[in-house]
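# Descriptive structure summary
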Amino acid sequence: MAGRTPIASKSSALIAMIADEDTVTGFLLAGVGNIDLRRKTNYLIVDSKTTVKAIEDTFKEFTSREDIAIVLISQYVANMIRFLVDSYNKPVPAILEIPSKDHPYDPTHDSVLSRVKYLFSAESVASGRR
């Protein structure tokens with residue numbers, strides 16, 4: 001589009017993806033994809049050949065990058081590295097678990113929902129003491 005001004009890279013942030021091919025493709029078609037000068041992408045396509053070590057390394061890389069604000073990870077992939085996802089406690093980048101086409105979403109395994117549930121239960125206990 002001719003009249004658009006480019007977004008300044010210092011003030012913008014990316015959405016990273018760790019998911020199956022269909023999910024990543026959908027988000028790439030929506031414009032989420034990025035490749036930097038070093039040919040590093042902001043996504044990892046997980047298939048049957050992807051090792052758990054590769055998923056762990058990518059998760060660690062995405063959560064340490066300064067240009068990423070949100071990491072979207074398929075819940076079944078997050079279950080493969082659950083210890084890393086559950087131990088991650090920084091607000092940025094935010095980790096959001098999403099469903100995939102072949103694996104239904106299970107809210108009991110979502111680390112964000114379990115933290116929210118814990119906070120609300122602790123808050124209700126604290127408010128009952130007043």
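As a reminder, the structure under discussion sits directly above these lines.
Residues numbered from 1 in each chain as written. Predicted model: local features only at pLDDT ≥ 70, side-chain atom pairs only at ≥ 80, totals over all residues. Heavy atoms only, no water.

It is worth spelling out the overall build of the protein at this point. Within the protein, the secondary structure is distributed over five helices and four strands. When burial is assessed residue by residue, the protein has 32% of its 130 residues classed as buried. Contacts in the protein between residues far apart in sequence, at least 24 positions, make up 65% of those at least 6 positions apart. (Helix = DSSP H or I, 4+ residues; strand = E, 2+ residues; numbered from the N terminus. Buried < 20%, exposed > 50% of the residue type's maximum accessible area, 1.4 Å probe, protein only. Contact = heavy atoms within 4.5 Å.)

Attention now goes to the pattern of salt bridges. In this structure the tally under the stated criterion is eight salt bridges. The partner of Glu-61 in a salt bridge is Lys-40, and the shortest N-O contact between them spans 3.8 Å. Taken together, the positions of Glu-61 in helix α2 (residues 52-64) and Lys-40 in the loop between α1 (21-29) and β2 (43-45) put the pair 21 residues apart, joining distant regions of the chain. A relative accessible area of 24% places Glu-61 in the partly exposed class. Overall, the relative accessible area of 39% leaves Lys-40 in the partly exposed class. Residue Asp-86 is joined to Arg-82 by a salt bridge in which the shortest nitrogen-to-oxygen separation is 3.5 Å. Of this pair, Asp-86 and Arg-82 both sit in helix α4 (residues 82-87), four residues apart, roughly one helical turn. (Salt bridge = Lys/Arg side-chain N within 4 Å of Asp/Glu carboxyl O.)

Moving on, we get to the packing of aromatic side chains. Counted according to the given criterion, the structure contains one aromatic pair. Taking 6.1 Å as the distance between ring centres and 80° as the angle between the ring planes, the aromatic pair formed by Phe-59 and Tyr-88 counts as edge-to-face. With Phe-59 in helix α2 and Tyr-88 in the loop between α4 and β4 (94-98), the pair connects residues that are 29 residues apart, well separated along the chain. As far as burial versus exposure is concerned, Phe-59 and Tyr-88 are alike and both buried. (Phe/Tyr/Trp six-rings, centres within 6.5 Å; stacked < 30°, edge-to-face > 60°.)

Further remarks concern the sheet that holds strand β3 (residues 68-74). By definition, the strands of a sheet pair up through backbone hydrogen bonds, in either a parallel or an antiparallel sense. Pairing is parallel in the open sheet, where four strands are placed in the order β2-β1-β3-β4. What marks the edges here is a single partner per strand, and that holds for β2 and β4. For this sheet, the mean inter-axis angle between neighbouring strands, taken without regard to orientation, is 20°. As judged from the five bridges shared by strand β1 (residues 14-19) and β3, these two strands associate in the parallel manner. Directly across from Leu-14, in β3, lies its bridge partner Ile-68. α1 contacts β1, β2, β3 and β4 of the sheet and is inclined by roughly 160° relative to β1. (Pairing = 2+ DSSP bridges. Axes fitted to C-alpha atoms, helices over the stretch in contact; angles between N-to-C directions.)

Here we come to the side chain of Gln-75. Its place among the elements puts Gln-75 in helix α3 (residues 75-80). By relative accessible area, which is 5% here, Gln-75 ends up buried. Beyond its immediate sequence surroundings of up to four residues, Gln-75 is in contact with Arg-82, Glu-97, Ile-98, Pro-104, Tyr-105, Asp-106, His-109 and Asp-110.

What follows is about α2. For α2, which comprises 13 residues, the first-to-last C-alpha distance of 18 Å matches the rise-based estimate of 18 Å (1.5 Å per residue) to within 8%. Buried within α2 we find Ile-55, Glu-56, Thr-58, Phe-59, Phe-62 and Thr-63. Down the axis, α2 shows its buried residues gathered within 165° of arc, on one side only. Every exposed residue of α2 that faces more than 90 degrees away from the buried side is listed here: Lys-53 and Ser-64. Elements that come into contact with the buried residues of α2 comprise β1, β2, β3, α3, α4 and β4. (Expected span 1.5 Å × (residues − 1). Arc of directions from axis to C-beta.)

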